[in-house]
Amino acid sequence: MQIDKEVVGGVLVVRLRGELDHHAVEPLRDEIEQSLENTHYRGLVLSFQGIDFMDSSGLGLILGRYRTLSSRGGKMVLCEVNANLRKIFELSGIFKVVPVFESEDSALRAIKEA
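Procedures and definitions
- Residues numbered from 1 in each chain as written.
- Predicted model: local features only at pLDDT ≥ 70, side-chain atom pairs only at ≥ 80, totals over all residues.
- Heavy atoms only, no water.
- UniProt positions renumbered as here; feature names shortened; annotations may be inferred.
- Helix = DSSP H or I, 4+ residues; strand = E, 2+ residues; numbered from the N terminus.
- Buried < 20%, exposed > 50% of the residue type's maximum accessible area, 1.4 Å probe, protein only.
- Contact = heavy atoms within 4.5 Å.
- Core = buried A, V, L, I, M, F, W, Y, C linked by side-chain atoms within 4.5 Å.
- Pairing = 2+ DSSP bridges.
- Salt bridge = Lys/Arg side-chain N within 4 Å of Asp/Glu carboxyl O.

The name given to the protein chain in an unreviewed UniProt entry is Anti-sigma F factor antagonist, and the organism recorded there is Alicyclobacillus ferrooxydans. Quoted verbatim from the Sequence similarities (unreviewed entry) field of the UniProt record, the comment on the protein chain reads "Belongs to the anti-sigma-factor antagonist family." Word for word, the UniProt comment on the protein chain under Function (unreviewed entry) is "In the phosphorylated form it could act as an anti-anti-sigma factor that counteracts SpoIIAB and thus releases sigma f from inhibition."

So, in C-alpha cells, the structure goes:
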C-alpha cells in the first residue's frame, strides 16, 4: 500500500495505491489521523484511483474516518472509485453515508462548498 498526501486549501487529500487490506489499514489509519489533526479536521478526500483490492477492513477505515470528521465538524468525500469497488460500496451502503465523486477536483469543490 502506497499513499500520497497533500493539503489543498486546508483539506487533506489522500491518494491510495495498491491493496487496502487488514495489513495496511492500521498504519494508514494512524497516518491519516495525524494528518487530519494537523489540518484541524476540516476535510478529507480519499481517492481510490490506484486501489487494486480492498477487503472489509477498508470499509472500516472509511467509516471510522467519516465518524471522526463528522464528530469534529469536518467533511469527507470519496473519489475516483473503480467499478469493482463501486459494487462493494453499493452493497455495504457506503454511498448512503459518504458522498462519492468522479474526480478529485469535483470532490474538493464539494468539500469547500459545504
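Draft legend 1. Geometry of the side chain of Ser 35. By secondary structure assignment, the location of Ser 35 is in helix H1 (residues 22-38). Given the relative accessible area of 11%, Ser 35 is considered buried. When neighbours within four sequence positions are excluded, Ser 35 is seen to be in contact with Lys 5 and Leu 12.

Draft legend 2. Just the nonpolar core, in detail. Ranked by size, the top nonpolar core spans 25 residues in total, and within it Leu 46, Phe 48, Ile 62 and Leu 78 carry the most contacts. Those elements giving two or more residues to this core turn out to be strand S2 (11-20), H1, strand S3 (43-54), helix H2 (56-71), strand S4 (75-79) and helix H3 (83-92). No other element matches S3, which puts five residues into this core. Not counting residues up to four positions away in its chain, the partners in contact with Phe 48 are Leu 16, Leu 20, Met 54, Ile 62, Leu 78, Cys 79, Glu 80, Val 81, Leu 85 and Phe 89. Core analysis: the second largest hydrophobic core is formed by eight residues, Val 11, Val 13, Leu 108 and Ile 111 among them.

Draft legend 3. Representation of the environment of Glu 26 within the structure. Relative to the helices and strands, Glu 26 is located in helix H1. Judged by its relative accessible area of 49%, Glu 26 is partly exposed. C-alpha separation for the pair Glu 26 and Ser 57, spaced 31 residues apart in sequence, amounts to 9.2 Å.

Draft legend 4. Inspection of the pairing of S2 at higher detail. Among the 10 residues that make up S2, seven are buried, leaving the element largely enclosed by the rest of the structure. The pairing of strand S1 (residues 2-8) with S2 spans seven bridges and is classified as antiparallel. Across the sheet, Lys 5 pairs through a bridge with Val 14, a residue of S2. The hairpin formed by S1 and S2 contains two residues between the paired strands, and Gly 9 there has a positive phi angle of roughly 60 degrees.

Draft legend 5. Up close: the UniProt feature "domain: STAS" (unreviewed entry) in the protein chain. Following the UniProt record, the feature "domain: STAS" (unreviewed entry) maps to residues 1-111 here. Taken end to end, residues 1-111 has its terminal C-alpha atoms 26 Å apart, with 50% of it in helix and 32% in strand.

Draft legend 6. Structural detail: the pattern of salt bridges. Counted by the stated rule, this structure contains seven salt bridges. With a closest N to O distance of 3.3 Å, Glu 31 and Lys 5 form a salt bridge. Placement of Glu 31 in helix H1 and of Lys 5 in strand S1 is noted, with a sequence separation of 26 residues between them. The class of Glu 31 is partly exposed, set by a relative accessible area of 34%. For Arg 65, the salt bridge identified is with Glu 33, shortest N-O distance 2.4 Å.

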